[in-house]
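Below are the chains, spelled out letter by letter.
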Amino acid sequence: MKQKTLSMTMLVIVSLFLLAGTRLFAVEQLLRGFGAETLTQTFSQISQVITGDWQRLGLEFTRLQGKIFWKLYLAAMTAVPVLFLLHYLVFGPKTFSHEGKKIAYYASLVRLFHWLAAISFTLLAVTGLMVIFGKYLGGGHLIMGARLVHIPSAVVFTVSAAVLFLCWLKDMLPTGCDLEWFLILGGYLSRKKKPVPAGKFNAGQKIWFWLATIGGLVMAYSGYYLFAFNADVNVLRGWAIVHNFLGVAIVTFFLIHLYMSVFVVKGSLKSMVTGFKAEDEVAIMHNRYYQRLEK
Amino acid sequence: MARMKFLCDVERCIDCNGCVVACKEGNQVPVGINRRRVVTINAGRPGEKSISVACMHCSDAPCIAVCPVNAIYQREDGIVLVNKDICIGCGYCFMACPFGAPQFPKGDTFGARGAMDKCTFCAGGPAKDFSEKERRLYGQNRIAEGKPPLCAAMCATKALLAGDGDVIADIYRKRVFRRGSGANAWGWERAYKGR
Amino acid sequence: MAREKIVSFSRLSDSSKALRTTLNPKLVRRSFLKLAGAAAALSGIALAPRMTRKVLAGTDMAKRKAYPGSKIVRTICTHCSVGCGIYAEVQNGVWVRQEVAFDHPLSRGGHCCKGASAIDMVTSEKRLKGPMKRSGGQWKRLSWDQALNEVCGKLLEIREKYGPDAVHWNGSAKVSNEMAYLQRKLAAFWGTNNIDHQARICHSTTVAGVANTWGYGAMTNNVNDIRHSRLIFMIGSNAAEAHPVAMQHILYAKEVNNAPMIVVDPRFTKTAAKATDYVRIRSGTDTAFVMGLVNQIIENGWYDKEFVRTRVAGFSEMRRVARKYTPQVVEEITGVPASEVTRIAKLMAEHRPGTVIWCMGGTQHSIGSSNTRAYCILQLVLGNMGVSGGGANIFRGHDNVQGATDMCVLSHSLPAYYGIKDGSWKHWCRVWGVDYDWMKSRFHSKEYMNKKGFTLGRWYEGVIQEDKIDQYTPIKAVVFWGCASNSQSMYHKLKKALDKLELVVVIDPFPTMTAAACEKDNIYLLPCSSQYETSGSLTSTSRQLQWRYKVVDPVHDCKDDYEIMAEFTRRFGCADRFYKNLKKIPEDITRELGRGSLTIGYNGQTPERIKKHTDNWHTFDIDTLQAKGGPCDGEYYGLPWPCWTETHPGTPILYDISKPVAKGGLPFRARFGIKHTYDDGRTEDLLAAPGVANPGSEVMGGYPEFKDIVPGTNWKTDLSQKTIKEALRRGMAPFGNAKARCVVWNFPDKVPIHREPIHSPRPDLIARYPTYEDKPKQYRVYTRFKSEQKTDWVKEFPLILTTGRLVEYMGGGAETRSNKYLAELQPNMFAEINIKLANDHGIRDGDMVWIESPNGGKIKVMAKISDRVDEKTIFLPFHFGGIFMGRSLAANYPKGTIPYAIGEAANVVTNYGYDIVTQMQETKTGLCKITKA
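Residues numbered from 1 in each chain as written. Chains lettered and ligands numbered in written order. Predicted model: local features only at pLDDT ≥ 70, side-chain atom pairs only at ≥ 80, totals over all residues. Heavy atoms only, no water.

Student: Can you lay out the overall build of chain B for me, pointing to particular residues and giving the numbers?
Tutor: Counting secondary structure elements, chain B contains 7 helices and 6 strands. For chain B, the spread of C-alpha atoms along the three principal axes comes to 55 × 40 × 30 Å. Put simply, chain B has 195 residues, and 76% of those count as buried. Partitioning the contacts of chain B with sequence separation of at least 6, the portion at a separation of at least 24 is 55%. Taken as a whole, chain B presents about 5400 Å² of accessible surface, with 54% of it coming from carbon and sulfur. (Helix = DSSP H or I, 4+ residues; strand = E, 2+ residues; numbered from the N terminus. Buried < 20%, exposed > 50% of the residue type's maximum accessible area, 1.4 Å probe, protein only. Contact = heavy atoms within 4.5 Å. Areas by Shrake-Rupley, 256 points an atom, 1.4 Å probe, with all protein chains shown as cover.)

Student: Explain helix 8 (residues 204-214) of chain C to me, and be specific about the residues and the numbers.
Tutor: An α-helical turn contains 3.6 residues, so any two residues separated by three or four positions project in the same direction. All names here are of chain C. Buried residues dominate helix 8, accounting for 11 of its 11 residues. Those residues of helix 8 that fall on the buried side of the exposure criterion are Ser204, Thr205, Thr206, Val207, Ala208, Gly209, Val210, Ala211, Asn212, Thr213 and Trp214. Buried residues in helix 8 make contact with strand 12 (354-358), helix 16 (360-363), helix 17 (368-382), strand 13 (392-394), helix 18 (401-406) and strand 21 (740-741).

Student: How would you explain the pattern of salt bridges if you had to name every residue and give the values?
Tutor: Residues and elements named next belong to chain C. For the coordinates displayed, the defined rule picks out 81 salt bridges over all chains. Notably, a salt bridge pairs Arg784 with Asp467, separated by 3.1 Å at the nearest N-O pair. One end of the pair, Arg784, is in the loop between strand 23 (781-783) and helix 31 (793-796); the other, Asp467, is in the loop between helix 22 (461-464) and strand 14 (477-481), with 317 residues separating them in the sequence. Here Asp467 falls in the buried class, since its relative accessible area comes to 6%. Two residues, Arg730 and Glu726, come together in a salt bridge whose shortest N-O distance is 3.7 Å. The exposure class assigned to Arg730 is partly exposed, which follows from its relative accessible area of 22%. (Salt bridge = Lys/Arg side-chain N within 4 Å of Asp/Glu carboxyl O.)

Student: Talk me through the side chain of C:Glu684; I want residue IDs and the actual numbers.
Tutor: Residue and element names in this part refer to chain C. Relative to the helices and strands, Glu684 resides in strand 20 (residues 683-685). A relative accessible area of 10% means that Glu684 is categorised as buried. Within the structure, the side chain of Glu684 is placed 2.7 Å from the backbone nitrogen of Gly314, a separation counted as a polar contact. Look past the residues within four positions of Glu684 in its chain and what remains in contact with it is Val312, Ala313, Gly314, Ile674, Lys675, His676, Tyr678 and Lys739. (Polar contact = N/O pair within 3.5 Å; in protein donor to acceptor, adjacent residues only side chain to side chain.)

Student: Let's hear about the pairing of strand 12 of chain C: which residues, and what values?
Tutor: Residue and element names in this part refer to chain C. Of all 5 residues in strand 12, 5 are buried; the element is thus mostly enclosed. The two faces of strand 12 match: Gly354, Val356 and Trp358 on one face and Thr355 and Ile357 on the other face are all buried. Both strand 8 (residues 231-235) and strand 12 contribute to a ladder of 5 bridges, which runs parallel. If you follow Ile232 over to strand 12, its bridge partner there is Thr355. Direction of pairing for strand 12 relative to strand 13: parallel, over a ladder of 3 bridges. Within strand 13, the residue paired with Trp358 across the bridge is Ile394. (Pairing = 2+ DSSP bridges.)

Student: So what's going on with helix 8 (residues 203-228) of chain A? Residues and values would help.
Tutor: Taking 1.5 Å as the rise per residue, helix 8 of chain A with 26 residues should run 38 Å; its terminal C-alpha atoms sit 36 Å apart, in good agreement. Downstream of helix 8 of chain A by one or two residues, A:Phe229 has phi in the positive range, about 60 degrees. (Expected span 1.5 Å × (residues − 1).)

Student: Describe in detail the sheet that holds strand 1 (residues 71-76) of chain C, supporting the description with residues and values.
Tutor: All names here are of chain C. The strand order 1-2-3 describes an open sheet built from 3 strands, whose pairing is antiparallel. The sheet is open, and its two edges are formed by strand 1 and strand 3 (94-99), each paired on a single side. Taken over all neighbouring pairs, the strand axes of this sheet differ in orientation by 35 degrees on average, direction set aside. With 6 bridges connecting them, strand 1 and strand 2 (residues 85-91) associate as antiparallel partners. Residue pairing across strands places Ile72 opposite Glu89, the latter belonging to strand 2. (Axes fitted to C-alpha atoms, helices over the stretch in contact; angles between N-to-C directions.)

Student: So what's going on with the sheet that holds strand 30 (residues 887-888) of chain C? Which residues, and what values?
Tutor: Either a parallel or an antiparallel arrangement is found when strands of a sheet pair, and the pairing is made through backbone hydrogen bonds. All names here are of chain C. Pairing is mixed across the open sheet formed by 3 strands, whose spatial order is 30-29-31. Whereas interior strands pair on both sides, the edge strands pair on one side only; in this sheet they are strand 30 and strand 31 (903-904). Summarising the sheet, strand 29 (residues 882-884) and strand 31 pair through 2 bridges and their orientation is parallel. Following the sheet pairing, Gly882 is matched in strand 31 by Gly903.

Student: Go over the environment of A:Val156 with me, naming the residues and quoting the values.
Tutor: Residue and element names in this part refer to chain A. Within the secondary structure, Val156 is located in helix 6 (residues 140-172). What makes Val156 partly exposed here is its relative accessible area of 36%. Once the C-alpha coordinates of Val156 and Ala117 are considered, the two residues, 39 residues apart in sequence, prove to be 7.1 Å apart. Each residue touching Val156, except ones within four places of it in the same chain, is listed here: Leu116 and Ser120.

Student: Outline the packing of aromatic side chains, supporting the account with residue identities and numerical values.
Tutor: Residues and elements named next belong to chain C. What the rule picks out here adds up to 62 aromatic pairs over all chains. Measuring from ring centre to ring centre gives 4.9 Å for Tyr655 and Phe668, while their planes differ by 40 degrees; the resulting arrangement is tilted. Separated by 13 residues along the polypeptide, Tyr655 in the loop between helix 28 (607-615) and strand 19 (675-677) and Phe668 in the loop between helix 28 and strand 19 bring together distant segments of the chain. On the accessibility criterion, Phe668 (0% relative accessible area) is buried. A network of ring pairs unites the aromatic residues Tyr181, Phe189, Tyr418, Trp428, Trp432, Trp438, Phe578 and Tyr579 as a single cluster. (Phe/Tyr/Trp six-rings, centres within 6.5 Å; stacked < 30°, edge-to-face > 60°.)

Student: Which residues make up the environment of C:Tyr579, and what values do they have?
Tutor: Residues and elements named next belong to chain C. You can see Tyr579 is positioned in the loop between helix 26 (575-578) and helix 27 (587-596). Separated by 397 residues in sequence, Tyr579 and Leu182 place their C-alpha atoms 9.9 Å apart. Setting aside its immediate chain neighbours within four residues, Tyr579 contacts Leu182, Tyr562, Met565, Ala566, Thr569 and Ile585.

Student: Break down the nonpolar core for me, citing the residues and quoting the values.
Tutor: Core analysis: the largest hydrophobic core is formed by 275 residues, its most contacted members being C:Phe233, C:Phe289, C:Trp459, C:Phe568 and C:Ile851. Broken down by element, this core gets its largest block of residues, 9 residues, from helix 7 (residues 177-190) of chain C. Among all residues touching C:Phe568, those that are not within four sequence positions of it are C:Leu148, C:Val151, C:Cys152, C:Leu155, C:Trp169, C:Trp481, C:Ile507 and C:Leu526. By size, the runner-up hydrophobic cluster in this structure holds 125 residues, among which are A:Ile250, B:Ala2, B:Val69 and B:Ala123. (Core = buried A, V, L, I, M, F, W, Y, C linked by side-chain atoms within 4.5 Å.)

As structure tokens, this is what we get:
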């Protein structure tokens, strides 16, 4: 029951995002229907035809793009690593023996697509950030190139994310233990190796999964509009805002993912290469899954 | 310092597209790129009005604010120009612009947009004055020759005015006074905010 | 948010630091670019901020040129008759760009989209590159020599075999006066009156109607003079699209004089959008509406009684007719509410002087020559004639259609409206220096020398003979010299003729639709240069002569018209006689045509004077068009005809008795006799009333035209011009001083009355307002009126069809549709359909529809839902070509010359119907039906 509610909520949020642009467009169409009587009305009618209701989204976009987005990205890119550095120094990594039994964790197909997704996503993130901070890189061919790399990377990522979505969907559905996991923050704020309440994937991974797949889909969808420019300008503005905000979230979680898999949980990276996880790692970090396997 | 501005008189514009074609022919703008266009509302009904729109060279230009690579800059005389060597064609300026001015040619790679193109106030671009490169990328540099932009100069009914903001505001004010009706010039509030 | 990002260019220089600190515009403005909009003159220093450094270092402005070493050539736009000036910048023989002719007295640098891309006429890649003929269905390139030999050989062969009238010449309103004159002269030397040009289908009814009212058939005032109007009445004129630069002055009057601007049109045009009052009449009911206004003005006592008493003839006869057009009757015929008729009449009476402007919306009707007279009568009763701000301001179409009309490239007259009677031939033979008998020998017979030829609208009947022709031979060859074929109605019949002819010659810079529509191996294309590649004078709609200087040499393998003419006459064996007085081309032609064109006073405009005016644009005042100081001091711009002597300043306003004749004043012309007895037995003195004459006139009152100053001649035929000079010396007009007439007794309808269009949507009105009886011999062809006007057409074809202009294109569109920027703006042929009509037929915006005419034509076009037309009317623009009844003819064009925009020619569906006097085609009113394709 709980699972259903959660996934429904997510669906609603996503569809709201998707609809946002189209709805704005429709309202505008309605506004255009009225006749002009005064010169002021004429002026606003003309403006409406030229660039939609600039005062609303245009102004907002200008403010966000001019003043906010780059700061958010900058914050994400500096604050997150700093926090992690502190975390690393305080709590250190989680190391497991890797000597014992190996558990087959990732099928080869999954690994293939994970790495495709990883590479394309890295490219997306890097080139995206290059565009955001283009002015410090001088613009021109370099950034234009970054923009051009961004496009095929998006295609590759969308395909591989879709495959991963299907492969992992079952394991990624929210479960009761996710709440418990949140309560202890996955046990990362402790040096102890207490079993963590998590299935095959813990709640953190799940967030990342949903963000990367559904969020990725929204990114791809909005990105398509930003690429093709085949919509009303107000719709474009809406998508640009969505793309950038979501981008901050995704980049942030991408950094977390990177930190977790490379630094915190030692061997995690390797498991995505070989497909096997050490038994003690699974026992601690994915306790519920381990219990199910034991049965 | 003279501040360059455009002003289109909605009572005078007859939708003849002279400005559009003057711009295209003079600057050899490719087909499909509209540095200037004429917008008509209520066509065929009482209240039909037309106006010629291009980059207004805003004070505090939103396009400059959103450009991620600082390709767009404003000269001291207020003319807003784009450096096509720096522009990456991201299209943000188009979204920020209240006048729909930025235009993008279709690029060769993946059909992605090329560098932004827009009205230059016939002031060419950052390339050397009158150089072949300037002509190819930006068109004529009439301002450097001491000549007004083609669109306004060739306006059939003198609806479109271009030049020193104070002077054209005076011309327009006189017209409004003579007509005994009227309001501020279209787009000025948004573009210049009294500056 | 972007303030901090302003790039300071003055940073480049030390010396400009001071400037950067003073941001107060008032302080530094004087040293900077002062582009006073496009409105202020470019005087003083005009500098750009980027040049600050260089200027401060003392750099010479003259060196800052984008095209070093270039020179400016003054020339005139080749599109419409407004006659805008162009500065063509030429570098090393290449036209590099168009500059802005700010000082042109009329356009002030303004252009519509066509004029703004005038340079494209020369640079267009769609131009014909060399002479071609079609052989075996394929276009074959020829050398000029071969092409001319073949064309002229065939023409002579046809002449030999069938007689000179087997060739029909279609001349042009797009060439200079000199060339138009040569075209008419060539037809004479060829021995035929089968020559016509676009004026036939443009303003022929105006010329006939207006000239018969008060003397001359041209615009009485001028475009600039509209600035003085206190009211602007536009009927059947869409100046915003057809004459955009004229709108500069119209809107000025609207603003400055607070002048009401009344637009009367079946369609809510772009001009109507600027109007203060818009009146939607049913197409083809102009006469009823205007006579309704006249009725209201007279019956309410608003007419100018003194003006009518002293300067108008036939008033009471006209009044009797006008009485029938009560507001209620007008409402029934036109659909305009009765109260609106009275209101407009009152408005016109209260705002004087007002101008009446009309164009093809008024002329292209079977009663076109009545419409035009009705407009004149309206101005006469209001007393708006001969005053600044008033007048009949008839906007002509093509750039030189006024000039070409004056040169009478027409089948019923020799140059300068002399007609084709014996006296006229003798006059012109004297001018040409040829023997009258030799001239006679060129013709089939003397009868054919005095017989009006086929017209542009109906020449194809001479080929296909569906209506009986009145000529000894069918037409076997046609020469289109600067004339589009798709501007002629019933185009599907015309196409049939093209395929049947033995020879079709197209002389044009572009292939035109003729090249594609003619699908047999009988066609030759001779690429003449555009008018920018040659020179000559041209007459704008304001009767002003301007000199169009040659910008560049003919491009590609083109020859200019004069050269082609020389080649033709040489091969026809008449070059010696033809060029007897003509050594220096084109100036000698200007002199010759001036010497002969005394009726309309072309004699004062020597090439030197015309050039002087064109060279001194800046000295003319925009309001009065009079030069203040300078080499043309006191003269009116372009020496508007009549310009009686080489010192006469030109006549800016016709029939203006406030000025002496020698200073540009004139009374109404005494052209119709001294007395006339009307049908009711009343006899009226046609000369002006006592006391009415120009200042300084020896006779203060009416006087007849001057004759016998040189015995045996009159002012029109006295080549020594002594008569004219004598008249001027006495302060009198050579043509006399008479009244304008409201009753034209030589016309079928003596006073304009309403008659339903040939294809009328109102069968109930046909009985009350029927058209004329058929005319068996009108311009050598049987023309149906009554037998074509059937009451049941409307059952199958319920909709009104009307055609008109788009601002982007001109005429048949061969030139403008070959311009990529213009084609981009109007890529598709369309039919404007009201939303209600569209919904009733299940048609949506952008759908393809078939439009069919009662005469068998049909076209497949895109539906454009529009509020401009009412639910009973369909509007078609007439510029398109290249598709014929649903079939693309693109493959028929020579390679690389297919215009950027092709579409169905609207004239395939325009209906049968011609004016009773001039055979003007009735393209503004017809019937059609629409079906979804």
